[in-house]
Amino acid sequence: MFFKGFKGGVHPSDFKHYTKDFPIKEISAPDVIVLPISQHIGAPNEPIVCVGDYVKVGQCVATSAVFVSAPVHSPVSGVVKEIGTTINPQGIKVPAIVIENDGLDELSEQITPCNNLDLLTSEDIVRIVRNAGIVGMGGASFPTHVKLSPPPDKQIDCCIVNGAECEPYLTSDYRVMLERPERLVFGLKMIMKALNAAQGIIAVENNKKDAYKIIKENIDTPDIKVMLLPTKYPQGSEKHLIKATTGRKVKSGKLPMDVGVVVSNVDTCVSIGDAVEFGRPLISRIVTVSGNCFNNKGNYRVRIGTPIEHIIKEVGGFTSKPSMLILGGPMMGTTLYSTDVSVMKNTGAVLALGKDEINLHSAGPCLRCGKCVDACPMQLQPLYLMANCEIKDYEKLQQLNILDCIECGACTYACPSKRHIVQSIRIRKQEIVAIQRKVKQ
Amino acid sequence: MEENFIVSSPPYIRSNNSIRKVMIHVIIALFPITISAIWFYGIRALLVMLITTGSAVAFEYIWNILLRKEQSIGDFSAVVSGMMLALVLPVSIPLWIPVFGSLFMIIIVKMFFGGLGQNFLNPALTARAFLLASWPAYMTIYVKPFSGISSVDAISTATPLGDVNSLGGAFEFFLQPHLGCMGEVYIPAIIIGFIYLVACRVISWHATVGYVLSAYVLAAIFGSNPLIEVMSGGIIFASVFMVTDYTTTPTTKSGRLLFGIGTGLITMLIRYKGGYPEGVTYAILLMNILVPYIEKVCKPVPFGKKVHR
């Protein structure tokens, strides 16, 4: 038996009790949907509707012919009001389609349920997943159909569903696992079928034992098993999850498929199930709304393209003015400066944190206490990385394996001196990647 | 709705640990030893401690004022250094000497190198080495516990040992007050401090255990009673409070173990083959210098990388 888990990691207070007992509720569609045209990593989409067009729920509104891309569908029915720009969570201006919701929720004819699931081939599933615009909903937004069609020399034998949800505050995956376990198992079966994989694993952290139990009851095949993993941040990191569940180690600079594994997020997996069986494209997702400042914390089904402003209004606003508004978790999410940002396919949470929840202390000197070294799940030496980041010594940084950093922030969380370790690493990493790309060209 | 939100780079939450908390933990861990020193040596022990601590804080304060730097005494590191310095001095020391010790420790060892976290030598031990070189006569007068300071005649005799070769004798030795510096006087108090620091996750056990074990093994090789050898002099005190100093020791667990083993080796070589009866101070200072090399040797292997040796 191999050692379950990984070296390093931290145990932040998880604050999941805020929202973990709230069943998923629907948030009504807003009057105006602002839909960023490209919501994936890869080639940008082009809009295929014009201003004034009437679109229906689930109708494709933007797509690209390039393989590494995922189309975007209208989450409401109504008239296209504008094709302009919006800001994405990173604060960058991106093209977007603005749709005025007529409230009728008329379904598009493009949505066709599958009439015979047994006749589906793996090519069919990949095509359906691509047409449904499904991307990695855990945050990466990598088009899922690309993951499902690995190069022929790479045989995938194990599909893992990442139910670790190791970020504090987040409970959306947990609620999905509790409420739709049969969809999850079905989605995983479809992934396995698409990849011709023999084995499926649903990995859950051991602070979600009831999800573990309910999934176990819903598994009807010996090919799929559900595993309990130790609760530790960043258990949900792809490489560490593979190590913990299969014992395989993804080599530095390699991908999960190099060890025959594909990892999917819980919500992605359920969306694949919905897409295959009902032909339903990705037009909504589950979002955790949490943090001290929200009046009604909870887990909500939100349509893609819903402005954050609308969510805040629908859940009853703030109890007190938040210091920080975060899309995603507090360890790796992005902060917003405006509420005019839309929910995207990879938005797992909206957090409004008060002053008491975040840490605004200024950084002190490095004590060389080694807490960052103990915390690093990649076994790097964050203190030396940071020292060399400050003097921009790219060569030394590469010797210290800066490119292996997964930017989980465990070092920074653990630092008693509140130093901005991962922040410095992130900047230099981007610079080094840019330099390497230039050299290659 | 136009609100002003703080925009930052993740992570947004931090552990509730801080430099000050670490220092306060160390101060608490030093309490049993402080009390035992006062118990065995009288109120003068407290006086020496107040002088070193007070002067250490004062020197750091004045330095920061003179150089117009941000005031740093609030992190309590000077308090810890001051207490440590007192505990590596004999109680009979003339009261003006510790002031020079503090001056050397704070200004030359710590501040000249850039302040907290930048010094490569253990401040308290470097100051002790400095005092030992400057006023050797005062630094080697050890007073017997409970004898009072005035009886300068009652000095420099070995603590009478029982039958040290039996285990019972060794246990008796463990419970006895020991002749030496203030911090070395009562081993059970040091062990309490160690347990506290490990329980609060301030230090890891690696350097301490490495040091004590290697000293034990070498003493056995050199043919003396290893239990008594390890418990005499400053080994136990240094193994808990000196080789676990953050700034001047390696950052990896394997590195700390190696650091401890190396310190034990040098201590015993000085004790048996060198000219000094006590080698703890120099052993640790020598190992401090080797830290960059230990860090290189004990560099952790990143996840998914092959071991290159």
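The written sequence of each chain sets the order in which its residues are numbered from 1. Both sets of labels track the order of writing: A upward for chains, 1 upward for ligands. It should be noted that, the model being predicted, local features are given only for residues of pLDDT at least 70 and side-chain atom pairs only at 80 or more, the latter also being counted only at that level, while totals for whole chains, interfaces and linings use all residues. Neither water nor hydrogens contribute to the side-chain values; these are computed over all heavy atoms in the structure.

## Side note on helix α1 (residues 19–41) of chain B
All names here are of chain B. Think of it this way: any DSSP run of H or I at least four residues long counts as a helix, any run of E at least two long counts as a strand, and we number them from the N terminus. Expected span of a helix: the number of residues minus one, times 1.5 Å. Look at α1: 32 Å from first C-alpha to last across 23 residues, which is about the 33 Å you get at 1.5 Å a residue. At any given residue, the bend is defined as the angle formed between two axes, one fitted to the seven residues that end at that position and one fitted to the seven that begin there. The sharpest bend along α1 measures roughly 35 degrees and falls at Phe-31, with the proline Pro-32 sitting one to four residues further on. Positive backbone phi, approximately 85 degrees, marks Gly-42, located one or two places after α1.

## Things to note about the pairing of strand β2 (residues 32–36) of chain A
Residue and element names in this part refer to chain A. Throughout, exposure labels follow a simple rule: accessible area from a 1.4 Å probe, protein chains only, divided by the maximum for the residue type, with under 20% read as buried, over 50% as exposed, and the rest as partly exposed. Of all the five residues making up β2, four are buried; the element is thus mostly covered by neighbouring parts of the structure. In the sheet, β2 pairs with strand β8 (residues 93–101) via five bridges, with the strands oriented antiparallel. Note that in β8 the partner of Leu-35 across the bridge is Ile-97. Here, any two strands with at least 2 DSSP bridges between them count as paired.

## So, the domain arrangement of chain A
All names here are of chain A. Partitioning chain A into domains gives domain 1 (112–278) and domain 2 (371–440). For the domains described, the bounds stem from an automatic or database domain assignment. Each of domain 1 and domain 2 has a C-alpha centre, and these two points are 30 Å apart. At the boundary of domain 1 with domain 2, total buried surface from both sides reaches about 480 Å², with 61% on carbon and sulfur atoms. Among the residues domain 1 hides against domain 2, the three largest losses belong to Tyr-233, Pro-234 and His-240. Together they make up 66% of the total. We define a salt bridge as a side-chain nitrogen of Lys or Arg found within 4 Å of a carboxyl oxygen belonging to Asp or Glu. The interface formed by domain 1 and domain 2 holds zero salt bridges in total. For the purposes of these results, a polar contact is taken to be a pair of N or O atoms within 3.5 Å, where, inside protein, one atom must be able to donate a hydrogen and its partner to accept one; residues adjacent in sequence count only when each atom of the pair is a side-chain atom. The interface formed by domain 1 and domain 2 includes three residue pairs in polar contact (both at pLDDT 80 or more). Here the quantity called buried area is the accessible surface, traced with a 1.4 Å probe, that two parts lose on coming together, added over both.

## Structural notes on the side chain of Asn-288 of chain B
All names here are of chain B. By the element assignment, Asn-288 lies in helix α13 (residues 280–297). Owing to a relative accessible area of 1%, Asn-288 belongs among the buried residues under this scheme. Within the structure, Asn-288 has its side chain in polar contact with the backbone oxygen of Thr-248 (distance 2.9 Å). Those residues in contact with Asn-288 that sit more than four places away from it in its chain are Phe-120, Leu-121, Asn-122, Thr-248 and Phe-259. We call two residues in contact when some of their heavy atoms are within 4.5 Å.

## Regarding the packing of helix α3 (residues 172–179) of chain A against helix α7 (residues 266–278) of chain A
Residue and element names in this part refer to chain A. Orientation of α3 relative to α7, taken along the N-to-C sense of each, is 40 degrees, at an axis distance of 9 Å. In terms of orientation, α3 lies oblique with respect to α7. Together, Asp-173, Val-176 and Met-177 of α3 and Val-266, Asp-267 and Val-270 of α7 make up the contact between the two elements. Note on method: axes are straight lines fitted to C-alpha atoms, helices fitted across the in-contact stretch only, with angles between N-to-C directions ranging 0 to 180 degrees. By definition in this entry, angles of less than 35 degrees are roughly parallel, angles greater than 145 are roughly antiparallel, angles of 65 to 115 are roughly perpendicular, and the rest are oblique.

## Thoughts on the sheet that holds strand β12 (residues 261–265) of chain A
All names here are of chain A. A sheet is described by the order of its strands in space; here four strands give the open sequence β11-β10-β9-β12, paired in parallel fashion. Both edges of this open sheet fall to β11 (224–229) and β12, since each of them pairs with a single strand only. For this sheet, the mean angle separating the axes of adjacent strands, direction not counted, is 25 degrees. Both strand β9 (residues 158–163) and strand β10 (residues 199–205) contribute to a ladder of six bridges, which runs parallel.

## Brief notes about unusual backbone geometry
Here the amide bond leading from Tyr-233 of chain A into Pro-234 of chain A is cis, since omega sits at -5 degrees, within 30 degrees of zero. Cis geometry marks the peptide bond from Pro-10 of chain B to Pro-11 of chain B, where omega comes out at 0 degrees. With phi around 55 degrees, Arg-68 of chain B is a residue other than glycine that occupies positive phi space. Assignment of secondary structure puts Arg-68 of chain B in the loop between α2 (43–66) and α3 (77–87).

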